[in-house]
Every structure is written in structure tokens, then in C-alpha cells.
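Listed below are the residues making up each chain.
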Amino acid sequence: MPLFASSRERRLWLWTLAVVVAIYATIGFGSTLAGVLREGGLIEASLFLGAMCLVGATVVAQGLRARPGGVEVAVALGVAVVYLLVLMRVASPVERSHLIEYSVLAVFLYEALTERASHGRRVPLPAVLAVLATALVGAVDEVIQLFVPSRVFDPVDIVFNCLAGVMAVAASLALGWARRRAAG
């Protein structure tokens with residue numbers, strides 16, 4: 001039996017791996033980069049541009065299978081408003097980046113797991129597994145920071161990363177519900 005159930009699942013796992021590598025790659029120089037961007041007044045613009053790239057990659061990976069209906073558009077707008085409100089309420093640009101990074105990771109994980117399940121492979125509770133895997137990646141990220149002098153271990157970040165995973169999977173579930181409702 002092949003490792004992946006479909007070529008889409010394979011692509012989703014590769015995107016997931018790319019996001020995890022990107023998250024871990026910033027451990028060594030993330031605070032330095034943030035300092036440089038902050039000094040140049042570029043941190044907000046850089047975060048916005050980075051967020052748009054990640055969101056765009058996520059949309060492409062999730063796939064625009066059909067023209068969205070009214071309910072799907074309404075749910076998508078609701079999700080966008082919730083994310084915008086959370087991003088506006090979070091004061092720290094670092095926490096904003098965590099919300100974006102771990103949301104994208106959770107969506108890729110969830111999509112890969114549901115794609116696998118849709119091809120008859122056993123995947124119990126893909127939504128729960130995606131959130132747990134996102135939380136695990138976030139916890140490992142924080143533990144690694146214990147050993148990096150320029151970084152700080154913060155248990156609040158672990159909770160925030162998990163919350164980002166919950167928000168993203170809930171958004172995916174809501175969009176999936178809207179898509180099924182429009183199709184059925």
C-alpha cells in the first residue's frame with residue numbers, strides 16, 4: 001500500500017512540512033529579524049505581507065473546487081472578521097505571527113488528514129488530530145527555545161499556538177459545512 005492515499009494528500013503533507021520547517025527555521029534568527037524590522041518600521045508591513053502569502057498558499061492547497069455560494073461566502077467573511085478582530089486585539093507582532101503560522105499549519109494538517117480519510121484510510125477524528133499535532137509542533141518550538149540564548153521559553157505561547165490551531169480547524173469545519181450545505 002502506498003504511503004499517500006492521493007497526490008493531493010502528498011502535496012498537503014509537503015506543504016505541512018514546509019510550514020514546520022519555516023517555523024523552526026526562525027528560532028535562531030527570529031528575534032534578530034523582528035528587531036531589524038521594528039527598527040526600520042517595517043514589522044507591521046512585513047507581517048501583513050507574510051500573512052497574505054501564507055493565507056494564499058493555504059487557499060491554493062485547500063483548493064477552490066467550485067464557485068462559492070452565498071452561505072459559503074458568508075461563513076468565509078465571518079471567519080475573516082474573527083481573525084481580523086483577534087489580530088487587532090493581540091498587541092504583540094510576535095503573537096500575531098504565531099496566530100498566522102499555526103493557523104496555516106493546522107489547516108494543512110487538517111486537510112491532509114481529511115484527504116487521507118476520504119480515500120478510505122483510517123484517520124480517527126481528523127480535526128482533533130490536527131489540533132493536537134499543531135499543539136505538539138508549538139510545544140516542541142517552545143522547548144527548543146529553552147536552548148537558544150536569544151529566545152525565551154513561554155508556556156503562554158504553547159497555549160496561543162494551540163488556540164490558533166483550534167481557530168483554524170473550526171474555520172475549516174465551518175467552511176466545509178457551508179460547502180456541503182451549498183452542494184446538497
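Residues numbered from 1 in each chain as written. Predicted model: local features only at pLDDT ≥ 70, side-chain atom pairs only at ≥ 80, totals over all residues. Heavy atoms only, no water.

Any chance you could break down the overall build of the chain for me, citing the residues and the numbers?
Looking only at helices and strands, one finds seven helices and zero strands in the chain. Listing the helices and strands of the chain from first to last along the sequence gives α-α-α-α-α-α-α. Considering only contacts within the chain whose residues lie at least 6 apart along the sequence, 78% involve residues at least 24 apart. As displayed, the chain has an accessible area near 10500 Å², and 73% of this comes from carbon and sulfur atoms. (Helix = DSSP H or I, 4+ residues; strand = E, 2+ residues; numbered from the N terminus. Contact = heavy atoms within 4.5 Å. Areas by Shrake-Rupley, 256 points an atom, 1.4 Å probe, with all protein chains shown as cover.)

Give me the lowdown on the nonpolar core, citing residues and values where you can.
In terms of nonpolar packing, the biggest core is built from 32 residues, with Val19, Tyr83, Leu99, Tyr102, Leu105, Ala130 and Val169 touching the most fellow members. Mapped onto this core, the elements with two or more residues apiece are helix H1 (7-25), helix H4 (70-89), helix H5 (93-118), helix H6 (126-145) and helix H7 (155-183). Top contributing element to this core by residue count: H5, with 11 residues. Other than its neighbours up to four places away in sequence, Tyr102 contacts Ile23, Thr134, Val137, Gly138, Asp141, Asn161, Ala164 and Gly165. (Core = buried A, V, L, I, M, F, W, Y, C linked by side-chain atoms within 4.5 Å. Buried < 20%, exposed > 50% of the residue type's maximum accessible area, 1.4 Å probe, protein only.)

An account of the packing of aromatic side chains is needed here, citing residue identities and associated values.
Under the defined criterion, the tally for this structure stands at one aromatic pair. Considering the side-chain rings of Trp15 and Phe108, the 6.0 Å spacing of their centres and the 10 degrees angle between planes classify their relative orientation as stacked. Here Phe108 lies in helix H5 and Trp15 lies in helix H1, a separation of 93 residues in the sequence. Note on Trp15: relative accessible area 40%, which makes it partly exposed. (Phe/Tyr/Trp six-rings, centres within 6.5 Å; stacked < 30°, edge-to-face > 60°.)

Outline the pattern of salt bridges, listing residues and values.
With the rule as written, the count across this model stands at three salt bridges. When the shortest N-O distance is used, the salt bridge between Arg8 and Glu115 registers 3.0 Å. Taken together, the residues Arg8 in helix H1 and Glu115 in helix H5 connect sequence positions 107 residues apart. Glu115 matches Arg8 in its accessibility class, with the two residues each being buried. Measuring nitrogen to oxygen at the nearest pair gives 2.7 Å for the salt bridge that ties Glu9 to Arg116. Residue Glu9 is found in helix H1, and its partner Arg116 is found in helix H5; the two are separated by 107 residues along the sequence. (Salt bridge = Lys/Arg side-chain N within 4 Å of Asp/Glu carboxyl O.)

Tell me about the packing of H5 against H6, residues and numbers included.
Put simply, H5 and H6 touch, their axes get as near as 8 Å, and they point 140 degrees apart. Between H5 and H6, the angle is such that the two are oblique. The way H5 lies across H6 gives a crossing that is right-handed. Of H6, the residues touching H5 (which contributes His98, Tyr102, Leu105, Ala106, Leu109, Tyr110, Leu113 and Thr114) are Pro126, Ala127, Leu129, Ala130, Ala133, Thr134, Val137, Gly138, Asp141 and Glu142. Residues belonging to the contact of H5 with H6 are distributed by class as follows: 12 nonpolar, four polar and two charged. (Axes fitted to C-alpha atoms, helices over the stretch in contact; angles between N-to-C directions. Parallel < 35°, antiparallel > 145°, perpendicular 65-115°, else oblique. Left-handed = near helix turned anticlockwise from the far one by under 90°. Nonpolar A, V, L, I, M, F, W, Y, C, P; charged D, E, K, R; others polar.)

Before we move on, can you summarise the confidence of the model for the chain with the specific residues and values?
Residues of the chain with pLDDT of at least 70 account for 78%, and the chain-wide mean is 81. At the low end of the mean pLDDT range in the chain sits helix H3 (residues 43-62), at 56; at the high end sits H6, at 95. (pLDDT = per-residue confidence, 0-100.)

Outline unusual backbone geometry, listing residues and values.
Even without glycine at this site, Leu125 takes up a positive phi of about 50 degrees. Considering the arrangement of structural elements, one finds Leu125 in the loop between H5 and H6. Overall, the relative accessible area of 59% leaves Leu125 in the exposed class.

Explain H5 to me, using residue names and the numbers behind them.
Here H5 is 26 residues long and its end C-alpha atoms lie 37 Å apart, about the 38 Å a rise of 1.5 Å per residue gives. Counted residue by residue, H5 has 21 buried out of 26 residues, so it is predominantly covered. Backbone geometry just downstream of H5 places Gly120 in the positive-phi region, at approximately 85 degrees. (Expected span 1.5 Å × (residues − 1).)

Go over the packing of H1 against H5, please, and point to the residues and values.
Packing of H1 against H5 brings their axes to within 9 Å, and their N-to-C directions diverge by 155 degrees. Comparing their axes, H5 and H1 come out roughly antiparallel. As for the relative orientation of H1 and H5, their crossing is left-handed in sense. Residue-level inspection shows Arg8, Glu9, Leu12, Trp13, Trp15, Thr16, Val19, Val20 and Ile23 of H1 in contact with H5, the latter providing Glu101, Tyr102, Val104, Leu105, Phe108, Leu109, Glu111, Ala112, Leu113, Glu115 and Arg116.

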